[in-house]
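Working through the structure, step by step
Each chain, written out:
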Amino acid sequence: MPASTWSRQHILSLADFTTTEYNTVLQTAASFREVLSRRTKKVPSLQGQVVANLFFEPSTRTRSSFEIAAKRLSADTLNFASSTSSMTKGETILDTAKTYLAMGTDIMVIRHQQAGVPQAIAQEMDRLEVKVSVLNAGDGQHEHPSQGLLDLFTICSLLDPNNPRLDLLKGKKIAIVGDILHSRVARSNIWSLTATDLELHLAAPPTLLPKLFAECGQDRPGKLFVHWNLESALEDADFVMTLRLQKERMTAHLLPSLREYHHYFGITRSKLELCKSNVKVLHPGPVNRGVEISSDLMDDLEFSLIQNQVTSGVAVRMALLYLIGSGKTS
Ligand code: NCD
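Basis of the calculations
Residues numbered from 1 in each chain as written. Predicted model: local features only at pLDDT ≥ 70, side-chain atom pairs only at ≥ 80, totals over all residues. Heavy atoms only, no water. Salt bridge = Lys/Arg side-chain N within 4 Å of Asp/Glu carboxyl O. Helix = DSSP H or I, 4+ residues; strand = E, 2+ residues; numbered from the N terminus. Axes fitted to C-alpha atoms, helices over the stretch in contact; angles between N-to-C directions. Parallel < 35°, antiparallel > 145°, perpendicular 65-115°, else oblique. Left-handed = near helix turned anticlockwise from the far one by under 90°. Contact = heavy atoms within 4.5 Å. Nonpolar A, V, L, I, M, F, W, Y, C, P; charged D, E, K, R; others polar. Near = heavy atom within 4 Å. Polar contact = N/O pair within 3.5 Å; in protein donor to acceptor, adjacent residues only side chain to side chain. Areas by Shrake-Rupley, 256 points an atom, 1.4 Å probe, with all protein chains shown as cover. Domains from an automatic or database assignment.

Examining the pattern of salt bridges
This structure, assessed with the given rule, holds 19 salt bridges. A salt bridge links Arg-249 to Glu-57, with the nearest nitrogen and oxygen atoms 2.8 Å apart. Taken together, the positions of Arg-249 in the loop between strand 8 (239-242) and helix 9 (258-265) and Glu-57 in the loop between strand 1 (50-55) and helix 2 (61-72) put the pair 192 residues apart, joining distant regions of the chain. Its salt-bridge partner being Arg-63, residue Glu-67 comes within 3.0 Å of it at the nearest N-O pair.

Listed below in structure tokens is the structure:
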């Protein structure tokens, strides 16, 4: 696996990812997908290293996916949940991170409800001149790079399972629909999907898709388009990514009702008729059935890639841990 070409110590954002880095992640993840299909699904790549999952916000799939990925690489894992930690006694986030550092942690996987926390911890590790890597597992509304990469891997693997790579997306039309305002997943996906020549169409009511995103579109002419209605975004789309309404991040009443939202922006079989006939639907989860996507469509394997995304997540997170971790043993 091409770890020797990898120089990034922390994975905090996709904003400055290069084409080579995207392709290295995709190829490495494809190798680990093969490992995961074997009877013995474990490799010794990170034997003796410690991966700490520091989750300051609820999570099902991201936390479990990083844990199983680290275990498949033979790393030792530590799991932290803020509600049962010494943070309830007043310890700061940086002191918590330093405690894990003192226990010999090599990689910290961090999720926090505030944007910038993984960056702050990475800066502190750099200041201390320790060889610890920080992986952002979702920070506030900012970014969720491993989700962006697993979405990319899911799509590229469908187009060429043996050789997933960025240029397979050339000429495709992808729509991202839903609560884009509050979505770190959308922000990471905007970086990864506009790294190649495809059309990315964002669609949501104006309260969930501010004009600012249209300005981002002006920076990416011919690549990023903003719609305040669903139909024009779906027309001839190859892939549709739908997002949860993130009520925990909403500070005002941004929608008249969930029923009305589903009527205008919920993805259903009949709305998919506007797309290419072989269109596929993605969702990062957790899903609110019957709100952003109809329940029957979510379970329809002819259209839905939602379970593939979860499976891809393990291979992609193995790739990320391996790429940042394999330099440490030397
Ligand atoms: C997303 C997240 O936490 O940002 N979920 C995930 O990581 N799979 C999206 C969401 O919470 O809606």
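So much for the structure itself; the text now carries on.
Here we look at the packing of helix 2 against helix 12 (residues 306-325)
Two elements in contact, helix 2 and helix 12, have axes whose closest approach is 8 Å; the angle formed by their N-to-C orientations is 60°. With respect to helix 12, the element helix 2 is oriented oblique. In terms of crossing hand, the pair formed by helix 2 and helix 12 is right-handed. Residues Arg-61, Thr-62, Ser-65, Phe-66, Ile-68, Ala-69, Ala-70 and Arg-72 of helix 2 form the contact with helix 12, whose participating residues are Gly-313, Val-314, Arg-317, Met-318 and Leu-321. The class makeup of the residues in the contact of helix 2 with helix 12 is seven nonpolar, three polar and three charged.

What about the site of the ligand?
Taken together, Arg-61, Thr-62, Arg-111, His-144, Gln-147, Arg-184, Val-185, Arg-244, Gln-246, Pro-284, Gly-285 and Pro-286 make up the full set of residues near the ligand. Within the contact set of the ligand, a nitrogen atom lies 2.9 Å away from a backbone nitrogen or oxygen of Pro-284. Take Gly-285: an N or O atom from its main chain is 2.8 Å from a nitrogen atom of the ligand. Burial of the ligand by the protein amounts to 95% of the accessible area it has alone, namely 320 Å². Secondary-structure elements contributing two or more residues to the shell around the ligand are helix 2 and helix 6 (184-193). Partitioning the shell around the ligand into residue classes produces three nonpolar, five polar and four charged. In this structure, the shell around the ligand is formed jointly by two domains, domain 1 (2-143 + 311-328) and domain 2 (145-310), each of which donates at least three residues.

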